[in-house]
Amino acid sequence: MIKLKNIDKYYDSRFQRTFILKGVDLEVKQGEFVTIMGPSGAGKSTLLNIIGLLDEPSAGEYYFWDEPAHQIKEKQKVQYHRSHIGFIFQAFHLIDELNVYENIETPLVYRSVKGKERKALVADLLDRFNMVAKKDLFPNQLSGGQQQLVAIARAIIGNPKLLLADEPTGNLHSEQGEMIMKLLKKLNEEGMTIIQVTHNENYAGYGTRIVKLIDGVIEEDFQV
Amino acid sequence: MILINNLLRIIRKNKLDFFLNLTGLSAAMVIFIFISLYVENEMTYDNYHPDADRIFRLTTSLTSPAGQNTHMALANPPFAHILKNRCPEIGEYVCIGAEGGATLTFEGNEFKKTDLRAANSSIFNVFSYPAVLGNPSEFLKSPNTIVLTETLAKNIFGNSPPLGQKITIDKKDYEVTGVIKDLPTNTDLQFSALIPSDFDGTGELVDWGDYYVYLKTTTSDISELKNKIDLLTTEKYSDLQKTLGEFQLVHRLQPLQSIHFDNSLLADSPKGNKTMVYTFSVAGLLILIIAGINYNNLTIAQLEKRQKEFSIRKTIGCGKNRIIYNIIGESVLNIILAGAVSVLMVTLLFQSFNALFDKAFHLLSILRLLPAMLFVFIILGIFSGLYPAFNTIKSSLIKKSGFSRFGKSLVIFQNVVAIIMIAGLFIIWNQTHFMKNAELGFDKEQLIVVEIPPEPEKFPGKEVLRQEFSTLPGIENFAFGSGGTNLGSTANWMKAIMAVKDDEGNDVQFVLNQPQIDENYIGLLGIEIVEGRNFSGNNPGDADKSAIINETYARIMGWNEPLGKILDETPPQKIIGVVKDFHFNALNNPIEPLKFTMLSRQPSYIFLKAQPENLKLIQQKWESIYPDEPFEFQFMDQHMAGLYKKNEKEMAIFSYLTIIAIIISCLGLYGLASHFMIRRTKEVGIRKVNGATVREVVKLLNQGFVQWVLIAFVIATPIAYYAMNNWLENFAYKTDLRWWIFALAGLLALGIALLTVSFQSYKAATKNPIESLRYE
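What counts and how
- Residues numbered from 1 in each chain as written.
- Chains lettered and ligands numbered in written order.
- Predicted model: local features only at pLDDT ≥ 70, side-chain atom pairs only at ≥ 80, totals over all residues.
- Heavy atoms only, no water.
- Pairing = 2+ DSSP bridges.
- Helix = DSSP H or I, 4+ residues; strand = E, 2+ residues; numbered from the N terminus.
- Axes fitted to C-alpha atoms, helices over the stretch in contact; angles between N-to-C directions.
- Contact = heavy atoms within 4.5 Å.
- Buried < 20%, exposed > 50% of the residue type's maximum accessible area, 1.4 Å probe, protein only.
- Arc of directions from axis to C-beta.
- Buried area = accessible area lost by both parts, 1.4 Å probe.
- Salt bridge = Lys/Arg side-chain N within 4 Å of Asp/Glu carboxyl O.
- Polar contact = N/O pair within 3.5 Å; in protein donor to acceptor, adjacent residues only side chain to side chain.
- Phe/Tyr/Trp six-rings, centres within 6.5 Å; stacked < 30°, edge-to-face > 60°.
- Lys NZ or Arg CZ within 6 Å of the ring centre and 35° of its normal.

> What exactly am I supposed to notice about the sheet that holds strand β6 (residues 85–89) of chain A here?
Pairing between the strands of a sheet is mediated by backbone hydrogen bonds and can be parallel or antiparallel. Residue and element names in this part refer to chain A. Pairing is mixed in the open sheet, where 6 strands are placed in the order β6-β7-β8-β3-β9-β10. Across the chains shown, the open sheet's two edge strands, defined by having one partner strand only, are β6 and β10 (217–223). The average undirected angle you get between the axes of adjacent strands in this sheet is 15°. Inspection of the sheet shows strand β7 (residues 162–166) paired to strand β8 (residues 193–197) by 5 bridges, in the parallel sense. Bridge assignment links Asp166 to a residue of β8, and that residue is Val197. Docked against the sheet, helix α6 (residues 174–189) engages β3 (33–37), β6, β7 and β8, running at close to 150° with respect to β8.

This is the structure:
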């Protein structure tokens, strides 16, 4: 599903080139649950952003389902974001002005899904995540775990093939963190490909494979 | 010092904000300074004389039996002489002639001036005109002397001493006995040279001339004097009153300083336009307010970024007051800086300002306002710092992603002003265009009007002129007109104030224009005869017993069948024709009643229908007939267009004001939008990650702005409608206020706002989301 070939990411300053990622080769198959681990500044988020088409590699090739994703244009990226990739973040990144229902609905609006269908899909997810009672609340009225639940709901409502999670539990205490990880695992078991970045060894255990990144280079890559 | 250092650092960090702020503020200040100068100048006409409050103009009011009042600025010099002898409260009086044109010749060089006046020597006792050269007590005392203004003296004599030199006017020599300082622009009594008046204070009361009489009293309380004037009028005019019939003559006193805006008098100097003074004041003030709003909005947005700084300052022991002082101090510095830029701009631009407003300000007279301006800037700075300062203190660290209600209403206010001004400009433009291109009722194209010198001894006779000119190639038609048949400037048409009874026996009063023409005139100008016939050279009765009137005359008199009516003149005139109403005046005024009679005097104008390229031929012919007289001519179409110069000038000024108001609004909106976008970057990032396209994001970000412009449109339209409706009342013939003008103004404002904002929202929408979504 995802094939990275010799990916570099660097910034040129006046006298030297600073590498964030160097010669990264990575292949992720459909249905995998990959955890990227590594110390701060190792390039985990950058790698995730490149996979999510939010950032471009400085060199190397990236194939998303055999499509050369390092060559596609801005407009096509929007298409990928609409139909193939879902994101969740450490800081949840919900839209403060919209309530739970509207936040989850947003991606469908961009996919021009009809009102009735949107209603059904959102209701379905709210039900599944046990959040029906909270649908009219605003993000600042929710706990961190609940906010992340909403964020996940929003990420998966468009039925993406790939879910990218950047430290999804970083802002949560352990109980809520576990809940989120269990949910991700369940989604994976239902067929969703997931790539997550985390510091937490325990949470890495929920995945099927761990990739250890140190100073922009893959040090270890093993199945759990 | 710390304050200034800190400010410099902040400026360096926020170059765009600083630039927008400075540009907007200083542009508004330039406008404000200029408009203040203009308004001050207009409001202080003639009050530079130290005794201005004790100087009055004697005017004359005639009331017809039907109660119609004619108030003239002119008065009777012999009566002034009597007044002076009988009323001790009159210290001095002076009789000043109307402005006249003449050619001053000195050593063969000719200087054409239109502002010569004749006056008694007492003019220097009534008014204060500081002398530069010569002995003021001798000015105008002896005949054939002349007093010049400094500029004119310099023009004529250059650097050589003017005193004692002889200037020739109309073949008479005048000795220069004095030079006075140039008159300020804000006087209604303009002149560049004075010669002694031939009025010597005696003479019969019926000897009127074109004289303005000014009195200087010993006190500013004139109630007593008014009574005396009334008594003297009854006493002295008793004989005259008999000849006037039932007309009632009264002399009035008009305070010098009230003359400029009082346009109810006939034969008066050019008047100030109070509407314009008010309009420009309001526009200038609004522009300043808009700039102030921008300043507030931008400052608040900027301070928000500095919340962290203030919080840290507070934790290390900085008091609230100190933060407030700090912010206000920065604001004062900012405004003084903008003030300095604006003063610089004013010094660079004041020449164009003079040209635009027909003023003659000197740089010094502008710079004398500097201390006052500095004071205003400091006050302005304190006030514009107050709101942001308290806003900062109040709004701890809560981040809002929209505008505050205050910010919103300010943007709406700006747009209201912009829409009103745009709509106003469209309507002014439309009206001016309408007047310049209106169907006048006669054919003004290729019509050349040539002035005939008035001296009878030079006049070769109508037949000779006709022969000479109509045989020229390219001359299609030829006619004479008299009594100033110069269309468009009816000032020297023969006019009569008519007070007669119409057909139903009602009293009617009106001004009747009575130009004299020949039989070719109506045909040449293409004026349509709707009833009856034109004059004919073969019909001897037409010469003095026939008249042709216009429709308005017939309508006012209530004549359904005007043909054959006999007018009560000597000899009686029979109406032989009616012409369709045509615009001989500017369209600001309604068409007045008009009566053509056949030329009985020497004509004063030749009307030629000719291609402009034949002008040279006409001129050559002219010079062969009149070797000593200049060839004075006018194209009628140019002349008619020239009637609207004043309107066009006002339009130009208003356009500048509108454009500057819009630019300043845009600057503010641009700055505000940039902050607005910064606050929404996170949201934009999330939306993009969730599949929003750039276009969708731009649309979302622009939505709010569109809403506000729509609200502004709803508020502005009725105000603009009301204001412009009032403005159009000034014109006898006006365009309609069409709905699309307002719609267009709204659309334009929307377009401008969208353009301004879209640049920012596009920038925000194309920003890479990972920048905004990075964990904070």
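> Just checking my understanding: could you explain helix α14 (residues 462–470) of chain B for this structure?
An α-helix turns once per 3.6 residues; consequently, residues spaced three or four apart project the same way. Residue and element names in this part refer to chain B. Among all positions in α14, only Leu465, Arg466 and Phe469 are buried. Seen from one end, α14 has its buried residues packed into an arc of 100°, which puts them on one side. Along α14, the residues that are exposed and aim more than 90 degrees away from the buried face are Glu463 and Gln467.

> Can you help me understand the sheet that holds strand β4 (residues 59–64) of chain A in this one?
All names here are of chain A. One open sheet accounts for 4 strands, arranged β2-β1-β4-β5; its pairing is antiparallel. This sheet does not close on itself; its edge strands, each paired only once, are β2 (17–28) and β5 (67–68). Summarising the sheet, strand β1 (residues 2–12) and β4 pair through 5 bridges and their orientation is antiparallel. Paired with Ile2 across the two strands is Phe64, which belongs to β4. Along the sheet face, helix α1 (residues 44–51) touches β1, β2 and β4 and points at about 55° away from the line of β2.

> Would you mind showing me how to read the interface of chain A and chain B here?
In many analyses, interface size is given as the accessible surface area lost on bringing the parts together. Residue-level contacts link 23 residues of chain A with 18 residues of chain B. Summing both partners gives a buried area of about 1900 Å² for chain A against chain B, and 56% of it is carried by carbon and sulfur. The largest share of the area that chain A buries against chain B comes from Leu54, His93 and Tyr110 of chain A, three residues that together contribute 33% of it. On the surface where chain A and chain B come into contact, there are 1 salt bridge. Its salt-bridge partner being Glu696 of chain B, residue Arg82 of chain A comes within 3.0 Å of it at the nearest N-O pair. The tally of links from chain A across to chain B stands at 4 residue pairs in polar contact (both at pLDDT 80 or more). At 4 residues, helix α2 (residues 74–83) of chain A tops the list of elements feeding residues into the side of chain A that touches chain B.

> Quick question: what am I supposed to make of the packing of aromatic side chains here?
For any pair of aromatic rings, the description rests on two quantities: the centre-to-centre distance and the angle between the ring planes. Inspection of the entire model under this criterion finds 35 aromatic pairs over all chains. When the centroid spacing of 4.6 Å and the interplanar angle of 35° are considered together, the rings of Trp622 of chain B and Tyr626 of chain B count as tilted. Per residue, the accessibility class of Trp622 of chain B equals that of Tyr626 of chain B, and both read buried. When the ring centre of Tyr10 of chain A is taken as origin, the NZ or CZ atom of Arg17 of chain A, which lies over that ring, is 3.9 Å away. Residue placement shows Lys22 of chain A over the ring face of Phe19 of chain A; its charged tip is 4.7 Å from the ring centre.

> Explain the pattern of salt bridges here, please?
Any two side chains of opposite charge can pair, on the condition that their charged atoms come close. Residue and element names in this part refer to chain A. All chains considered together, the criterion is met by 29 salt bridges over all chains. Residue Glu105 pairs with Arg118 through a salt bridge whose shortest N-O separation is 2.8 Å. Separated by 13 residues along the polypeptide, Glu105 in helix α3 (residues 100–110) and Arg118 in helix α4 (residues 115–128) bring together distant segments of the chain. Take Glu105 and Arg118: they sit in the same class, and that class is buried. One network of salt bridges, with partners in common, ties together Glu32, Arg209 and Asp221.

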